[in-house]
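Here are the chains, one letter per residue:
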Amino acid sequence: RVNTASSGLMPGDSASGATLHTIVAVMSFLACLTLGAVLTLSRLATEWTEGLSGSVTVQLLPSPQISPEDQMREALRLVQQWPGIFAAKPLGRADAEKLLEPWLGEGNVIGDLPVPQLIEVTLTPGKSVELEGLGKALADGVPGAHLDDHKRWNEELASFAASSEAVGWAVLLLIAVATLAIVIYATQAGLQAHREIVEVVHMIGARDVFIASEFQRHFLWLGVRGGLIGLTLAISTLLGSSFFVDSREAPVGAQYMPQFVTAPQHYIWLLFVPVVIGLIAMYTARFTVLRVLGRMP
């Protein structure tokens, strides 16, 4: 068995030195940020969908057939008596104006604007409610009443979340492919730069698997080290963005930004990024070396 140190085949100042460490760290940083965004979108979509699925809204438009007071009273009576309804809460004009402010702007809801009366209806958890029947009963019994079951919003949120997550996973795949291509190039460059050493070791009896193991061990730790650097920078960025959103001194628009990776288990998923990058680098280097050595006489 030829006792050859890995540093003789792949020294640190070769194509896999500081430059490649930096590139791998950047790839890890981008992968962690993308994965954090995907996990955040998944969490927000679940929270939004669960929130909309557990409630419905009754909209009471002005009608000449009934006064607003009677309209509200009749709608509340009908809703509260319907099976499966947990609670029904009428929303005042101030509450309705707050719902319009994100579209019209704060303080831009004029007093003469005909804002419909609203009833927030909470459904009993785990109990089936005949919403179609409730909507028909409201339309028939209370002039101007309309039931919004949030079905359209749920479908749009689910579609948005699915498409956004697909884009995120596609970006992660592109990062993995780019890392693979970089490692192939670095491995080939290392073999080319030290071709004489590799050929001598190969001719005196070193098996291809032994030479490949020297390269794959080198690239494994290179990938893990670069991945850990990128992970550290990504976690610092994510924690910094969350602190900025929570800060009282943050701009008004920043307060509506979601907090990235707030669940502890999400950070556990981020820990897998350096491991995956290290494995990609290791196996890519191994297959590249074996393929090149297989062509040698």
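It should be noted that the structure appears before, not after, this text.
Residues numbered from 1 in each chain as written. Predicted model: local features only at pLDDT ≥ 70, side-chain atom pairs only at ≥ 80, totals over all residues. Heavy atoms only, no water.

Student: I'm lost on a nonpolar patch on the surface in this one. Help?
Tutor: There is a patch of nonpolar side chains on the surface, built from Ile-268, Trp-269, Leu-271, Phe-272 and Val-276 and spanning about 520 Å² of accessible area. Inspection of the secondary structure puts Val-276 in helix H9 (residues 264-294). A relative accessible area of 43% places Val-276 in the partly exposed class. (Patch = residues over 30% accessible without salt bridge, like charges linked within 9 Å, V, L, I, M, F, W, Y side chains within 5 Å. Areas by Shrake-Rupley, 256 points an atom, 1.4 Å probe, with all protein chains shown as cover. Salt bridge = Lys/Arg side-chain N within 4 Å of Asp/Glu carboxyl O. Helix = DSSP H or I, 4+ residues; strand = E, 2+ residues; numbered from the N terminus. Buried < 20%, exposed > 50% of the residue type's maximum accessible area, 1.4 Å probe, protein only.)

Student: Can you help me understand the pattern of salt bridges in this one?
Tutor: Between side chains of opposite charge, a pair can form when the charged atoms approach closely. The final tally for this structure, using the stated rule, is 3 salt bridges. The closest approach of N and O atoms between Arg-73 and Asp-70, which form a salt bridge, is 2.0 Å. Of the two residues, Arg-73 and Asp-70 both sit in helix H3 (residues 68-80), 3 residues apart, roughly one turn of that helix. The exposure class assigned to Asp-70 is partly exposed, which follows from its relative accessible area of 30%. Residue Arg-77 pairs with Glu-74 through a salt bridge whose shortest N-O separation is 2.9 Å. One end of the pair is Arg-77 and the other is Glu-74, both in helix H3 and 3 residues apart, which spans about a single turn.

Student: I tried to follow the side chain of Ser-28 on my own but got confused; where do I start?
Tutor: Tracing the backbone shows Ser-28 in helix H2 (residues 18-53). On the basis of relative accessible area, Ser-28 is assigned to the buried category, the value being 0%. Not counting residues within four places of it along the chain, the set of residues in contact with Ser-28 comprises Gly-226, Gly-227, Gly-230, Leu-231, Val-273 and Ile-277. (Contact = heavy atoms within 4.5 Å.)

Student: In this structure, what is going on with the sheet that holds strand S2 (residues 85-91)? I would like to understand it.
Tutor: Two pairing modes exist for strands in a sheet, parallel and antiparallel, and in both the strands are linked by backbone hydrogen bonds. Across the sheet, which stays open at both edges, the 4 strands sit in the order S2-S3-S1-S4 with antiparallel pairing between neighbours. Every other strand in the sheet has two partners, leaving S2 and strand S4 (145-148) as the edge strands with one partner each. Strand after strand, the sheet turns through a mean of 20 degrees between neighbouring axes, direction not considered. Of the strand pairs in this sheet, strand S1 (residues 55-60) and strand S3 (residues 117-123) are connected by 6 bridges, and their pairing is antiparallel. (Pairing = 2+ DSSP bridges. Axes fitted to C-alpha atoms, helices over the stretch in contact; angles between N-to-C directions.)

Student: Is there a simple way to think about the nonpolar core in this case?
Tutor: In summary, soluble globular proteins display a tendency toward joint burial of nonpolar side chains. Counting residues in hydrophobic clusters, the biggest one holds 32 residues, and the most contacted among them are Ile-211, Phe-219, Leu-270 and Val-289. Going through the elements one at a time, H2, helix H6 (151-193), helix H7 (195-203), helix H8 (208-246) and H9 are the ones with two or more residues in this core. What Val-289 contacts, discounting residues up to four positions off in sequence, is Thr-187, Leu-191, Ile-211, Ala-212 and Phe-215. Val-58, Leu-76, Ile-85 and Val-121 belong to the second-largest nonpolar core, a separate cluster that totals 19 residues. (Core = buried A, V, L, I, M, F, W, Y, C linked by side-chain atoms within 4.5 Å.)

Shape is all these values report; function is a separate question.
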